[in-house]
Amino acid sequence: MEGNATYWSENLRLIFICLAIWFVVSFGFGLILVEPLNAIRLGGYKLGFWFAQQGSIYTFVGLIFWYTKKMNDLDKKYNVEES
Amino acid sequence: MDELKIYTYIAVFGSFAIYFGIAWWARAGSTSDFYVAGGGVTPMQNGMAIGADWMSAASFISMAGMISFLGYGGSVFLMGWTGGYVLLAMLLAPYMRKHGKFTVPEFIYDRYYSKTARVVAVVCLIIASLTYIIGQMKGVGVAFSRFLEVDYDLGLYIGMFVVWVYAVLGGMKGITYTQIAQYCVLIFAYTIPAVFISLQLTGNPIPQLGLGSTLADGSGVYLLDKLDMVVTDLGFKEYTTDNMGGTVNMFAYTMSLMIGTAGLPHVIMRFFTVPSVKAARQSAGYALVFIALLYTVAPAVGAMARLNLMNTIEPAAGQNMDYAERPQWFKDWEKTGLLQFEDKNGDGKIQYNADKATNEMVKVDRDIMVLANPAIANLPNWVIALVAAGGLAAALSTAAGLLLAISSSISHDLMKGILTPDMSEKNELLAGRVVMTLSIIVAGYLGLNPPGFAAGTVALAFGLAASSIFPALMMGIFAKKMSGKAAVAGMVSGIGVTMLYVFQHKGIMFIPGTSFLGDMGPNWFFGISPNAFGSVGALVNFAVAFAVLKVTGPAPAHIQEMVDNFRTPHGGVSAAHDH
């Protein structure tokens, strides 16, 4: 089935996008860029600190649900849903 | 008997009665029930069960305490223990569910067509799970001895008995439904005190927002700014920027915890309980929602507890509390030895600061922060009772999940898979129950006589999962040509490097004095602490596996076909049912 090969490459592309965001919010904003971001305030939070202790977790939750939805669409598009 | 004790008995034994009721209702009748709850758990239910399974005594009791004292550095636990679910949802869970087997070592065996690989996986799984259980059993003992004032030993026996009833009777099915109840108990027990304290300190009932709000004392100062000021005045590092050994170490530590989380077998096997690939993806999302409810509250609990503790000891600069007038919770925790005061300058007042020579709070155990928090904040007794039941729920639910991971890897992978393949289903079910009973006894024994290296081994559990199991599973799915030989070489070298690094800095098997490089920052590789080394081990695993693959050639065609098959949901999942 040659359809399966494009299904897989579309899946890989989705995973790549999600993991890029995953990396940026946690390792990027929460760790590497924490000092410059801390100059910005979000109420009482320093922004870098907020990403490390709150923001990254919210983003992770959103990412998984978004990925799940996109994959369900992809399953339909390539007709590889569970029977 | 005082009011607090009565409430605590009601909360603890009331919750136990619920678990027993569920156990009776969800008895396991087949191996499929016993290992994967018949494969019929809904994503939402599975998400809650994963939440309870995942959030152990360490998450419930220790994490907020660690954040309390590490400040910003504690972020590694928050990001590490949640970010792993993103990896699980995208890289492992759906494909492993599609393949449809009972255990993680079984997946590794099928994919790498190698009994060696299966045995290596079983060994990693047992070491990782056993070290974890010791912590849960200790948590049960401490909760009983502190809140009900029964013996630590007796508390542990009660805990062992409760787990035995529902885990042995119900297997995965009983464990799943009790975990759902335990999740509800633990999340209430965790958030209610946090809501009260947040309200007291900031006037905002939502702890996640309270942490970023101004104090309710009318000063208009932000809570975190006040905390930074209080701790730096006493010579501690600034709360919101203290970065625990530098960025590189935090980076490696977070990565180790993330991939370790994704590689822990007792979590992965929960994804085998749902009916479809779609449901496996969804349950990872729900799991993280339920976990995030606690994990986003934890930093608020940590910061507020620290501020309350500081304010109790030194209400205003220079006005230290008299030791004679210390509150009841202070006396209670002194009795346990987890809190110790030594009047170094003999003025009868309590000085608490970062200077070893003048600091009089000679011991403030991190683990007491969550348990003592409601009392420090003067919350009503029923809230304190709830915290006791919640701590027990967290410890018991995780212990049950780990026990199932151990017993299934022994009865299914070693006994049925390798030693006696012709065992009947009925006998395998019996074997599963016997092995689980034995595992509970071993876990109880280790809880009563914790080996000296118990604390260090939890880090080792994550290191093992990160450096061996996660890379093997990921390559099994994403590198179609990956061969058995290459994967085994990768796993062995990943574990090898990680163990070598941990042992050379922490001592062989954590025996003091046998560390040949010393547990010193300057000797660490790029400043990476031994706890954080799993991520380096994982890189070694990947590198070695691909190098060996290049030399020895790809996996056979039928294996590559199998990989193609579990990459798409098409064709349905069947194997978990007609196994």
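Remember, predicted model here, so these are calculated numbers, not experimental data.

Of the regular secondary structure elements, chain A holds 3 helices and 2 strands. Shown N-terminal to C-terminal, the secondary structure of chain A runs as helices and strands in the order α-α-β-β-α. Compactness check: chain A gives a C-alpha radius of gyration of 17 Å against a globular reference of 12 Å for 83 residues, more than 25% above the reference. A separation of at least 24 residues holds for 49% of the contacts in chain A among residues at least 6 apart in sequence.

Helix and strand counts for chain B stand at 22 helices and 2 strands. For chain B, the spread of C-alpha atoms along the principal axes amounts to about 75 × 55 × 45 Å. Evaluated residue by residue, chain B yields a buried proportion of 57% over its 579 residues. Long-range pairs, those at least 24 residues apart, make up 81% of the contacts in chain B between residues at least 6 apart in sequence.

All names here are of chain B. Grouped together as the largest cluster of nonpolar side chains are 216 residues, with contacts concentrated most on Val163, Leu186 and Leu403. For this core, the leading source of residues is helix 8 (residues 152-202), giving 21 residues. In this view, leucine 403 contacts Val163, Ala167, Met436, Ser439, Ile440 and Ala443; residues no more than four positions away in its chain are not counted.

Our next topic: the domain arrangement of chain B. Residues and elements named next belong to chain B. Here chain B is partitioned into domain 1 (3-293 + 381-450) and domain 2 (306-376). Between domain 1 and domain 2, the C-alpha centre-to-centre distance is 31 Å. The interface is formed by 23 residues belonging to domain 1 together with 17 residues belonging to domain 2. Residue assignment for the side of domain 1 that touches domain 2 shows that the elements contributing at least two residues are helix 4 (57-70), helix 8, helix 10 (223-233) and helix 17 (381-419).

Contact residues are listed per partner, giving 37 residues for chain A and 45 residues for chain B. Taken together, the elements giving at least two residues each to the side of chain A that touches chain B come down to helix 1 (2-32), strand 2 (45-46) and helix 3 (47-77) of chain A. It is helix 3 of chain A that contributes the most residues to the side of chain A that touches chain B, 16 residues altogether. When grouped by side-chain class, the residues that make up the side of chain A that touches chain B number 21 nonpolar, 12 polar and 4 charged.

What is expected of a backbone is that most residues other than glycine have negative phi and most peptide bonds are trans. Despite not being glycine, asparagine 79 of chain A has its phi angle at roughly 60°, a positive value. Turning to its location among the elements, asparagine 79 of chain A is positioned in the segment after helix 3. Judged by the 11 C-beta atoms lying within 10 Å of it, asparagine 79 of chain A is exposed. Its identity as a non-glycine residue notwithstanding, tyrosine 113 of chain B has a phi of 40°, on the positive side. With respect to the element layout, tyrosine 113 of chain B can be found in the loop between helix 6 (104-112) and helix 7 (115-147).

Next up on the list: the packing of helix 8 of chain B against helix 14 (residues 298-313) of chain B. Residue and element names in this part refer to chain B. Packing of helix 8 against helix 14 brings their axes to within 10 Å, and their N-to-C directions diverge by 55°. The angle between helix 8 and helix 14 falls in the class oblique. In terms of crossing hand, the pair formed by helix 8 and helix 14 is left-handed. For the pair helix 8 and helix 14, the contacting residues are Ala194, Ile197, Ser198 and Leu201 in the first and Ala300, Val301 and Met304 in the second. For the contact of helix 8 with helix 14, the class distribution of residues is 6 nonpolar, 1 polar and no charged.

A few words on helix 18 (residues 425-448) of chain B. Residues and elements named next belong to chain B. An ideal rise of 1.5 Å per residue puts 34 Å on 24 residues; helix 18 measures up with 34 Å between its terminal C-alpha atoms. Looking only at helix 18, the buried set comprises Glu428, Leu429, Gly432, Val435, Met436, Ser439, Ile440, Ala443, Gly444 and Gly447. Buried-residue contacts for helix 18 involve helix 2 (31-36), helix 7, helix 8 and helix 17.

All names here are of chain B. With respect to the helices, strands and loops of the structure, phenylalanine 341 is situated in the loop between strand 1 (339-340) and strand 2 (363-364). The exposure class of phenylalanine 341 is partly exposed, given the 18 C-beta atoms found within 10 Å. Along the primary structure phenylalanine 341 and serine 439 are separated by 98 residues, whereas in three dimensions their C-alpha atoms are 40 Å apart. Residues contacting phenylalanine 341, with those up to four places away along its chain left out, are Tyr323, Ile350, Glu360, Met361 and Val362.

With that out of the way, let us pick up the environment of threonine 6 of chain A. Tracing the backbone shows threonine 6 of chain A in helix 1. Taking the C-alpha atoms as reference, threonine 6 of chain A lies 13 Å from lysine 76 of chain A; in sequence the two are 70 residues apart.

This part takes up the packing of helix 3 (residues 43-54) of chain B against helix 8 of chain B. Helix-helix packing: each pair is described by the crossing angle between the helix axes and the interaxial distance. All names here are of chain B. Contact geometry of helix 3 with helix 8 gives a least axis separation of 8 Å together with a crossing angle of 70°. Taken together, the axis directions place helix 3 and helix 8 in an arrangement best described as roughly perpendicular. Here the hand of the crossing between helix 3 and helix 8 comes out left-handed. Seen from helix 3, the contacting residues are Gln45, Met48, Ala49, Gly51, Ala52 and Asp53; seen from helix 8, they are Thr176, Gln179, Ile180, Gln182, Tyr183 and Leu186. Each residue belonging to the contact of helix 3 with helix 8 can be placed in one class, and the counts come to 6 nonpolar, 5 polar and 1 charged.

Within chain A, residue pLDDT values average 92, and 96% of them lie at 70 or more. Mean pLDDT across the elements of chain A ranges from a minimum in strand 1 (residues 41-42) of chain A, with 89, to a maximum in helix 3 of chain A, with 95.

Of all 9 residues in helix 6 of chain B, 8 are buried; the element is thus mostly enclosed. Inspection of helix 6 of chain B places Val104, Pro105, Glu106, Phe107, Ile108, Tyr109, Arg111 and Tyr112 of chain B among the buried residues, and these make up the whole buried set.

Conventions used here
Residues numbered from 1 in each chain as written. Chains lettered and ligands numbered in written order. Predicted model: local features only at pLDDT ≥ 70, side-chain atom pairs only at ≥ 80, totals over all residues. Helix = DSSP H or I, 4+ residues; strand = E, 2+ residues; numbered from the N terminus. Rg over C-alpha atoms; globule rule 2.2 N^0.38 Å. Contact = placed C-beta atoms within 7 Å. Buried ≥ 20, exposed ≤ 12 C-beta atoms within 10 Å, placed from the backbone. Core = buried A, V, L, I, M, F, W, Y, C linked by C-beta atoms within 7 Å. Domains from an automatic or database assignment. Nonpolar A, V, L, I, M, F, W, Y, C, P; charged D, E, K, R; others polar. Axes fitted to C-alpha atoms, helices over the stretch in contact; angles between N-to-C directions. Parallel < 35°, antiparallel > 145°, perpendicular 65-115°, else oblique. Left-handed = near helix turned anticlockwise from the far one by under 90°. Expected span 1.5 Å × (residues − 1). pLDDT = per-residue confidence, 0-100.

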